[in-house]
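What the coordinates show
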Amino acid sequence: MRPINYTRAETLEAAVEAFSAAGADARYIAGGTTLYDLMKLGVEQPTHLIDLTGIAGLNAIDTDGDVLRFGALALMSDVAYTPAVHEGYPVLSESLLKAASQQLRNMATVGGNLLQRTRCMYFRNGAGSASTVGVYPCNRRQPGSGCAAIGGLDRGHAVLGASDACTAVSPGDWPVALMAMDAIIELFGPGGARSIPIAEFYRLPGETPHLQFNIDPAELITAITVSKTPAARLSTYHKIRDRESFAFALASAAVAVEMDGGTVRTARIALGGVATVPWRAKAAEETVVGKPLTPELALEAGQAAFRNARAGQHNALKMDLGLRVIADALMIAAERRA
Ligand SMILES: Cc1cc2nc3c(=O)[nH]c(=O)nc-3n(C[C@H](O)[C@H](O)[C@H](O)COP(=O)(O)OP(=O)(O)OC[C@H]3O[C@@H](n4cnc5c(N)ncnc54)[C@H](O)[C@@H]3O)c2cc1C
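Each value, and the rule that gives it
- Residues numbered from 1 in each chain as written.
- Predicted model: local features only at pLDDT ≥ 70, side-chain atom pairs only at ≥ 80, totals over all residues.
- Heavy atoms only, no water.
- Helix = DSSP H or I, 4+ residues; strand = E, 2+ residues; numbered from the N terminus.
- Buried < 20%, exposed > 50% of the residue type's maximum accessible area, 1.4 Å probe, protein only.
- Contact = heavy atoms within 4.5 Å.
- Areas by Shrake-Rupley, 256 points an atom, 1.4 Å probe, with all protein chains shown as cover.
- Phe/Tyr/Trp six-rings, centres within 6.5 Å; stacked < 30°, edge-to-face > 60°.
- Pairing = 2+ DSSP bridges.
- Arc of directions from axis to C-beta.
- Axes fitted to C-alpha atoms, helices over the stretch in contact; angles between N-to-C directions.
- Near = heavy atom within 4 Å.
- Polar contact = N/O pair within 3.5 Å; in protein donor to acceptor, adjacent residues only side chain to side chain.
- Nonpolar A, V, L, I, M, F, W, Y, C, P; charged D, E, K, R; others polar.
- Parallel < 35°, antiparallel > 145°, perpendicular 65-115°, else oblique.
- Left-handed = near helix turned anticlockwise from the far one by under 90°.
- 1 Å grid on protein atoms, 1.4 Å probe; cavity = no way out; pocket = protein on both sides within 12 Å on 5 of 7 lines; lining within 4 Å.
- Points joined across faces, edges and corners; volume = space filled by probe spheres on them.

**Some remarks on the overall build of the protein**
Along the backbone of the protein there are 12 helices and 12 strands. Across its three principal directions, the C-alpha atoms of the protein cover 60 × 50 × 35 Å. When each of the 338 residues of the protein is scored for burial, the buried share is 53%. Sequence-distant contacts, at least 24 apart, represent 64% of the contacts inside the protein between residues at least 6 apart. With the model as given, the accessible surface of the protein reaches about 14,600 Å², and the carbon-plus-sulfur share is 53%.

Have a look at this one:
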């Protein structure tokens, strides 16, 4: 049994102070739906938990101003069912409603969702006990130990953004929708408040897959903002998974388009389930902009997104699946004009 200290912070300043005093093995905790899992698996072994749920106002959802603003502690289900989000930003709402189960969405926060770790089975199940180095090598869990997924069971792994050190998929759905909508992440840490575009929030694995996020460990997420845009009305989050009731994506696409009649004026396309980070598919966007949208063009856009993809042993299906997910999502989003 390992002792764990616990602090329930009531202000942002108190949370950061407690984290800084506890050191690098501290962890913030919100809904606990993934951190407790990882602690039971031995992947996370924090010495100090700093509970954020006592910080007043951190769960606020504000859709009245110039931007949509979601407090980091807002629950996934509350954000998904907020009328302005549900009706005006289907891509956001659907990405939340197609993630996890209703019970989990009623516990899990939109801030915690951004920081979940990969579901790679070698990462999650290979930690062994606290005193061993791990049953499976995993550079993400233990830097320099190797990667059991490369040459191993990699059906669920990334075909985009992988490196020789790691091919683990970024698991979240909500971050993919936020990537398509160019969301901004607001942070608070020892240096005060700052914000960062979601496109700069996630790190490609490269040689350092253990470093997943471009934030200081002591920084906490305070809110997520999305600019108000009519581009979101014609949008969707399309997700293919092994089990429809609840499962992580095999391939997913967040798509929002603006149309001039049948012609695409603007397109935002991001991919989930196929890449090591939430993946903006600029080549797919460029393929459709300024052209009449047809099923054939939508498939071309999908092909463009996977042109530089690289499969491992068992995951080539993700390229075929992914390009069709983009094509279907484009047609679904555009058809919302009616
Ligand atoms: C069975 C199951 C199925 C799931 N399926 C899906 C799915 O299909 N799609 C999907 O997207 N997700 C899925 N999830 C993941 C789920 O959405 C996440 O567990 C959840 O969103 C995490 O939120 P939380 O508030 O519980 O985070 P916590 O578990 O409390 O924390 C997660 C991480 O974020 C950190 N953290 C939390 N809040 C903050 C903050 N404000 N600032 C800084 N750090 C913070 C914690 O230190 C921790 O590292 C699934 C989970 C389970 C258990």
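There is more to say, and it comes next.
**Overview of the packing of aromatic side chains**
Under the definition given, this model contains six aromatic pairs. Ring centres 5.7 Å apart and planes at 65° place the aromatic pair Phe-70 and Trp-174 in the edge-to-face group. Taken together, the residues Phe-70 in strand S5 (residues 67-71) and Trp-174 in helix H9 (residues 174-180) connect sequence positions 104 residues apart. This pair shows no difference in class: Phe-70 is buried, exactly as Trp-174 is. Ring centres of Phe-201 and Tyr-202 lie 5.0 Å apart, and the angle between their planes is 75°; on these two criteria the pair is classed as edge-to-face. On the basis of relative accessibility, which here comes to 11%, the residue Tyr-202 falls in the buried class.

**With respect to the sheet that holds strand S7 (residues 192-197)**
Through backbone hydrogen bonds, the strands of a sheet pair up, either in parallel or in antiparallel fashion. The five strands lie next to each other as S4-S5-S8-S6-S7, forming an open sheet whose pairing is antiparallel. Only two strands of the sheet have a single partner each, and these edge strands are strand S4 (61-62) and S7. The sheet contact formed by S4 and S5 spans two bridges and is antiparallel. Bridge assignment links Ile-61 to a residue of S5, and that residue is Phe-70.

**Quick notes on helix H11 (residues 295-305)**
Where H11 is concerned, the buried positions are Leu-297, Ala-298, Ala-301, Gly-302, Ala-304 and Ala-305. Here the buried residues of H11 occupy an arc of 160° about the axis, which is enough to place them on one side. On its buried face, H11 sits against strand S11 (263-272), helix H10 (282-288) and helix H12 (317-335).

**Let's talk about the sheet that holds strand S1 (residues 5-8)**
Judged by pairing direction, the sheet is parallel, and its three strands sit side by side in the order S1-S3-S2 without closing on themselves. Strands at the two margins of the open sheet, each flanked by one partner only, are S1 and strand S2 (26-29). Neighbouring strand axes in the sheet, compared pairwise and without regard to direction, differ in orientation by 20° on average. Pairing of S1 with strand S3 (residues 48-51) involves four bridges; the strand directions are parallel. The partner of Tyr-6 across the bridge, within S3, is Leu-49. Contacting S1, S2 and S3, helix H1 (residues 12-22) crosses the sheet at an angle of about 155° to S2.

**Re the site of the ligand**
Residues in close proximity to the ligand total 29 residues, the closest being Tyr-28, Gly-32, Thr-33, Thr-109 and Asp-173. At a separation of 2.5 Å, an oxygen atom of the ligand approaches a polar backbone atom of Tyr-28. Contact between the ligand and Gly-32: an oxygen atom at 2.8 Å from a main-chain N or O atom of the residue. Here the ligand has 970 Å² of accessible area as a free molecule, and 92% of this is covered by the chains. Of the residues contributing to the shell around the ligand, the split by class is 17 nonpolar, nine polar and three charged.

**Section: the side chain of Asn-113**
Along the polypeptide, Asn-113 turns up in helix H7 (residues 110-114). Relative accessible area serves as the criterion here: at 9%, Asn-113 is assigned to the buried category. Residue contacts for Asn-113: discarding those within four places in its chain leaves Met-76, Gly-172, Trp-174 and Pro-175.

**Focus on the packing of H11 against H12**
Interaxial distance between H11 and H12 falls to 7 Å at its minimum, and their mutual angle equals 140°. Regarding the angle of H11 to H12, the classification is oblique. Pair H11 / H12 crosses with right-handed handedness. Of the residues in H12, those in contact with Pro-295, Ala-298, Leu-299, Ala-301, Gly-302, Gln-303 and Ala-305 of H11 are Leu-323, Arg-324, Ile-326, Ala-327, Leu-330 and Met-331. Residue classes in the contact of H11 with H12 are distributed as 10 nonpolar, two polar and one charged.

**Examining the layout of surface pockets**
A volume near 450 Å³ is recorded for the second largest pocket. Together, 18 residues line the second largest pocket, and Arg-119, Cys-120, Gly-156, Phe-248 and Ala-249 are the ones closest to its centre. In terms of residue class, the lining of the second largest pocket is built from 10 nonpolar, three polar and five charged.

**Some details on the pairing of strand S10 (residues 251-260)**
Counting buried positions along S10 gives nine out of 10 residues, so the element sits mostly inside the fold. As judged from the nine bridges shared by S10 and S11, these two strands associate in the antiparallel manner. In the sheet register, Val-255 faces S11, and the bridge partner there is Ile-269. Between S10 and S11, which pair antiparallel and follow one another directly, the connecting turn spans two residues, one of which, Gly-261, has a positive phi of 60°.

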